[in-house]
Amino acid sequence: MKNFESILRNKKPVIAMVHLGALPGTPLYEEDDGLEGIVKNAHKDLTALQNAGVDAVMFGNENDRPYELTVDAASTATMAYVIGSLKREIKIPFGVNVLWDPMATIALAAATGAAFVREIFTGTYASDMGFWAPNAGQALRYKKRLGIDDVLTLFNVSAEFADSLDRRPLPDRARSAVFSSIPDAVLVSGAITGEAAKLEDLESVKKVLPETPVLANTGVTHETVEQVFDIADGCIIGSALKVDGNTWNPVDPDRAKSFMELVKKIR
């Protein structure tokens, strides 16, 4: 936990999402806006989040629907281009997540100098994308080969858009993942993006992992953050900071600021 706190600079960090626009080659890509439109919108969200005082940001490709388990190289390259275009403006730690591809996520972290990564690294799932069986051993060995040992790995142990085929209880799966696959933190999610993780799931996972950071990965809001922080070691937040609380809208500077004001009082 010491390394987690030293990199994220807070015992209960708020990691806010910069959701990039749909990338080239994906069905929702806006050709008229092009790459510079993606950079422009990401810059606005980054500025609003940093001004609000979030502890870290994470760049993700949530708009690249339908999602894939192995992404096209162009997606990773475009994300690197966008982050590189913004690099001078990033004043806080940042992470990356290429949905739903651990190897691409690790590669992007190496290319951009990210402080942390988030992905599904362990487990077996039936999902909207088909059979899902990531390989943590492969991904972490790749991380080692790329020379980015200091990059934190955040393991989502309750995959969105999926059902675990491993019928062990969630706390057992989380405890096993920590033993077998050495994550730096464990994330607990709701069923899909923007839906809250169950408090009882957070509590049960934290109970068996007292020495490992456990974060709420989805669905934290102004109304629930105090309850979440009573249990969890931080949160990743996206939808609740957007205009009208809608995942696909831009960041609302006022919502982001009011959320961080609440968090500062709680912490």
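Report follows, based on the coordinates.

Calculation rules
- Residues numbered from 1 in each chain as written.
- Predicted model: local features only at pLDDT ≥ 70, side-chain atom pairs only at ≥ 80, totals over all residues.
- Heavy atoms only, no water.
- Helix = DSSP H or I, 4+ residues; strand = E, 2+ residues; numbered from the N terminus.
- Buried < 20%, exposed > 50% of the residue type's maximum accessible area, 1.4 Å probe, protein only.
- Core = buried A, V, L, I, M, F, W, Y, C linked by side-chain atoms within 4.5 Å.
- Contact = heavy atoms within 4.5 Å.
- Salt bridge = Lys/Arg side-chain N within 4 Å of Asp/Glu carboxyl O.
- Right-handed = clockwise from strand over helix to strand, strands pointing away.
- Pairing = 2+ DSSP bridges.

Concerning unusual backbone geometry
Residue Pro66 is reached from Arg65 by a cis peptide bond, and omega for that bond is -5°. Structurally, Pro66 is set in the loop between β2 (56-60) and α3 (73-86). Cis geometry is adopted by the peptide bond preceding Trp100, which originates at Leu99 and carries an omega value of -15°. Structurally, the position occupied by Trp100 is in the loop between β3 (94-97) and α4 (102-112). For Arg9, which is not glycine, the phi dihedral falls at a positive 65°. Checked against the element boundaries, Arg9 lands in the loop between α1 (2-8) and β1 (14-19). Owing to a relative accessible area of 57%, Arg9 belongs among the exposed residues under this scheme. Despite not being glycine, Ile182 shows a phi value in the positive range, around 45°. With respect to the secondary-structure elements, Ile182 resides in the loop between α6 (170-181) and β9 (185-188).

Quick notes on the nonpolar core
Residues Val14, Leu49, Val57, Phe59 and Phe259 are the most contacted members of the largest nonpolar core, which totals 67 residues. In terms of residues, this core owes the most to one element, helix α2 (residues 34-52), which gives 7 residues. Every residue in contact with Phe59, bar those within four places of it in the chain, is listed here: Met17, Val18, Leu20, Met79, Ile83, Leu86, Ile90, Phe94, Gly95, Val96 and Asn97. Membership of the second largest hydrophobic core comes to 15 residues, among which are Met17, Met58, Leu154 and Leu187.

Description of the pattern of salt bridges
Summed over all chains, the structure comprises 7 salt bridges. Here Asp163 ties to Arg167 by a salt bridge, and the two come within 2.9 Å at their closest N and O atoms. Here Arg168 makes a salt bridge to Asp166, at a shortest N to O gap of 2.6 Å. Judged by its relative accessible area of 21%, Asp166 is partly exposed.

Quick look at the pairing of β3
The two faces of a sheet get side chains in turn, since along a regular strand they alternate between them. Judged by which residues are buried, β3 turns out to be covered on both faces: Phe94 and Val96 on one side and Gly95 and Asn97 on the other are all buried. Following the backbone out of β2, through α3 and into the adjacent parallel β3, one traces a crossover that is right-handed. Where β3 meets strand β4 (residues 116-119), 2 bridges bridge the pair, whose relative direction is parallel. Residue pairing in the sheet places Val96 in a bridge with Val117 of β4. Viewed along the sheet, the connection from β3 through α4 into β4 turns out right-handed.

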